[in-house]
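Inside the fold
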Amino acid sequence: MNTSLDRRRKKPEWPAFIDLSKYKIKAHHVHIIKERCKECEWCIIYCPEEILEKSDKINVKGYHPPQLIEGKTFDDCAECHFCELICPEFAIYVEVPEEEEGSENNE
Ligand code: SF4
Ligand code: SF4
């Protein structure tokens, strides 16, 4: 059953006249510094794209750090930086690649 939330999350189709192969978008990356995590789960709870989950792994402090949900990719990340703002342990951050010189994204 499709909820209104599912409908809102559905990504729009790009118009056929836009050649997406001309626009290279480098993927950003969500870094998790596992040993700093204290398993408060705030990043998991408040991620608007719901791409994080608690992992089965245990860090040196005995906590389960977050991980990317299977089937999700970093392309699903909205790059909102909310996880890094909300993490009390500075254990997660988002790296956005610099634009390549001459990239068509700069136009
Ligand atoms: S940057 Fe935003 S969308 Fe990406 S993992 Fe963090 S909270 Fe989720
Ligand atoms: S917000 Fe930080 S400390 Fe809390 S679960 Fe996420 S990475 Fe770990």
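Residues numbered from 1 in each chain as written. Chains lettered and ligands numbered in written order. Predicted model: local features only at pLDDT ≥ 70, side-chain atom pairs only at ≥ 80, totals over all residues.

Another point: the overall build of the chain. When you go through the chain residue by residue, the secondary structure sums to 3 helices and 4 strands. Listing every helix and strand of the chain by position from the N terminus yields α-β-α-β-β-α-β. Put simply, 62% of the contacts in the chain that link residues at least 6 apart link residues at least 24 apart. (Helix = DSSP H or I, 4+ residues; strand = E, 2+ residues; numbered from the N terminus. Contact = placed C-beta atoms within 7 Å.)

Among the 13 residues in the neighbourhood of ligand 2, the closest are listed as Cys 37, Cys 40, Cys 43, Cys 87 and Ala 91. Partitioning the shell around ligand 2 into residue classes produces 9 nonpolar, no polar and 4 charged. (Near = placed C-beta within 6 Å. Nonpolar A, V, L, I, M, F, W, Y, C, P; charged D, E, K, R; others polar.)

Taken together, 14 residues lie near ligand 1, and Cys 47, Cys 77, Ala 78, Cys 80 and Cys 83 sit nearest. A breakdown of the residues in the shell around ligand 1 according to their chemical character gives 11 nonpolar, 1 polar and 2 charged.

Looking at where Glu 95 falls in the secondary structure, it is placed in strand S4 (residues 92-95). Taking the C-beta count within 10 Å as the criterion, Glu 95 has 12 such neighbours and is therefore assigned exposed. The sequence separation of Glu 95 and His 28 amounts to 67 residues, and the corresponding C-alpha distance is 5.6 Å. If sequence neighbours within four positions are ignored, Glu 95 has contacts with His 28, His 29 and His 31. (Buried ≥ 20, exposed ≤ 12 C-beta atoms within 10 Å, placed from the backbone.)

Okay, the nonpolar core next. Listed in full, the 11 residues of the largest apolar core are Val 30, Cys 37, Cys 43, Cys 47, Ile 51, Leu 52, Cys 77, Cys 83, Cys 87, Ala 91 and Ile 92. Other than its neighbours up to four places away in sequence, Ile 92 contacts Val 30, His 31, Ile 32, Cys 43, Pro 66, Cys 83, Glu 84 and Cys 87. (Core = buried A, V, L, I, M, F, W, Y, C linked by C-beta atoms within 7 Å.)

Turning next to the environment of Ala 78. Examined against the element boundaries, Ala 78 turns out to sit in the loop between strand S3 (66-68) and helix H3 (82-86). Note: C-alpha distance between Ala 78 and Cys 47 (31 residues apart in sequence) is 9.0 Å. Setting aside chain neighbours within four positions, we find Ala 78 in contact with Pro 48 and Glu 49.

Residues at a pLDDT of 70 or more form 66% of the chain, whose mean pLDDT is 81. Across residues 103-107, confidence stays below pLDDT 50; counting only partners more than four residues off in sequence or on other chains, it has 7 contacts. (pLDDT = per-residue confidence, 0-100.)

Here the focus is unusual backbone geometry. One can expect most non-glycine residues to show negative phi and most peptide bonds to be in trans. Even without being a glycine, Glu 41 presents a positive backbone phi close to 70 degrees. Relative to the helices and strands, Glu 41 resides in the loop between strand S1 (29-32) and helix H2 (42-46). Here Glu 41 falls in the partly exposed class, since 14 other C-beta atoms lie within 10 Å of it. At Glu 79, a residue that is not glycine, the phi angle is positive and equals roughly 60 degrees.

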